[in-house]
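# Fold and contact review
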Amino acid sequence: MDKLATEYAGKATFICVNTRSVSDAQAYKQQKGLKSTALVHGAGQPPAEYGLRYIPHKVVIGSDGKVKKNFDGVNLSRDVKELV
């Protein structure tokens, strides 16, 4: 995701949501070696419309704010390229 966030900076936003705390999100980012400043980390409960059922979970949301792909079959490299 770090590579994609850098490649698509200004065209797509990648959000890593941590449901515990911002410090947990920051620790995850450091642990995984994610360096892109385009990655946004937060804490809290994601909107129900995202349909999160599993952690980790990937959701592709279009510029219209609608969910385009949810978890199953998500291929970030391919899906982001198609939407941008």
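Right, let's get into the pattern of salt bridges. Overall, the coordinates contain one salt bridge when judged by the stated rule. The partner of D79 in a salt bridge is R78, and the shortest N-O contact between them spans 3.2 Å. A relative accessible area of 3% means that D79 is categorised as buried. Judged by relative accessible area, R78 falls into the partly exposed class, the value being 37%.

The next subject is the nonpolar core. Within the largest apolar cluster, eleven residues are counted, these being L4, A5, Y8, A12, F14, L34, L39, V60, V74, L76 and V80. If sequence neighbours within four positions are ignored, V80 has contacts with Y8, A12 and F14.

This paragraph deals with the environment of Y28. Within the element layout of this structure, Y28 appears in helix α2 (residues 22-31). Each C-alpha atom, one on Y28 and one on C16, is 9.5 Å from the other, the two residues being twelve residues apart in sequence.

The rules behind each value
- Residues numbered from 1 in each chain as written.
- Predicted model: local features only at pLDDT ≥ 70, side-chain atom pairs only at ≥ 80, totals over all residues.
- Heavy atoms only, no water.
- Salt bridge = Lys/Arg side-chain N within 4 Å of Asp/Glu carboxyl O.
- Buried < 20%, exposed > 50% of the residue type's maximum accessible area, 1.4 Å probe, protein only.
- Core = buried A, V, L, I, M, F, W, Y, C linked by side-chain atoms within 4.5 Å.
- Contact = heavy atoms within 4.5 Å.
- Helix = DSSP H or I, 4+ residues; strand = E, 2+ residues; numbered from the N terminus.

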